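Chain and residue survey
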Amino acid sequence: MSHICPQCAAEMKREESRTEVVKHKGDSLTVTGLAGWFCTACEEAIFDDESALRYGAAGDTLIAKSRERQQAEIRRIRKKLGLTQIEAGQLVGVGKIAFSRYERGESQAPGPLVKLLRLVDQHPELIAEVRVA
Ligand SMILES: [Zn+2]
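These numbers were taken from a predicted model, which means no experiment stands behind them.

**A look at the coordination of the zinc ion**
- Every protein donor of the zinc ion is accounted for by Cys5 (SG), Cys8 (SG), Cys39 (SG) and Cys42 (SG), and the metal-donor separations fall at 2.2 to 2.4 Å.
- Around the zinc ion, the 4 donor atoms sit at angles spanning 106 to 118 degrees, and that spread fits a shape best called tetrahedral.
- Read N to C, the donor residues that coordinate the zinc ion are spaced as C-x2-C-x30-C-x2-C. Pair noted here: cysteine 8 is in the loop between strand 1 (3–4) and strand 2 (11–24) and cysteine 39 is in strand 3 (residues 27–39), with a separation of 31 residues, a long-range link.
- Classification of cysteine 8 as partly exposed rests on a relative accessible area of 37%.

**Points about the domain arrangement of the protein**
- You can read the domains of the protein as domain 1 (1–67) and domain 2 (81–133).
- Its C-alpha centre places domain 1 at a distance of 37 Å from the equivalent point of domain 2.

Reading guide: rules and limits
Residues numbered from 1 in each chain as written. Predicted model: local features only at pLDDT ≥ 70, side-chain atom pairs only at ≥ 80, totals over all residues. Heavy atoms only, no water. Donors = N, O, S within 2.8 Å, 3.2 Å for Na, K, Ca; no water. Tetrahedral: all angles 85-135°; square planar, octahedral: opposite > 155°, others 65-115°. Helix = DSSP H or I, 4+ residues; strand = E, 2+ residues; numbered from the N terminus. Buried < 20%, exposed > 50% of the residue type's maximum accessible area, 1.4 Å probe, protein only. Domains from an automatic or database assignment.

Structure below.
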């Protein structure tokens, strides 16, 4: 039995113990002993159930890690600027509940908000202008 790659239609070959590196936002995890079908031409793979679970879990771990890092970064910037969560929420245009949720990791801060905080982190003198706007 042979498999055809769903991505590029090349032939896939069976492997029982493959090592894959899962990457996410600068972090990576190596997952070994993966079984399934692997494309001979591109990066596509169709894992067996158990391997798919382990590969997926590695991805989840990396996502959680990057979220924790973002939470810590948001909190660090807010404290450095001497703002309460209420003030920080007003600064970036969200309510205090939303800002608190970002810091606790209950929801993911929108990308533009994180970029704004980083900008103010690098240039604290801009804070007065951001406040007016
Ligand atoms: Zn392929």
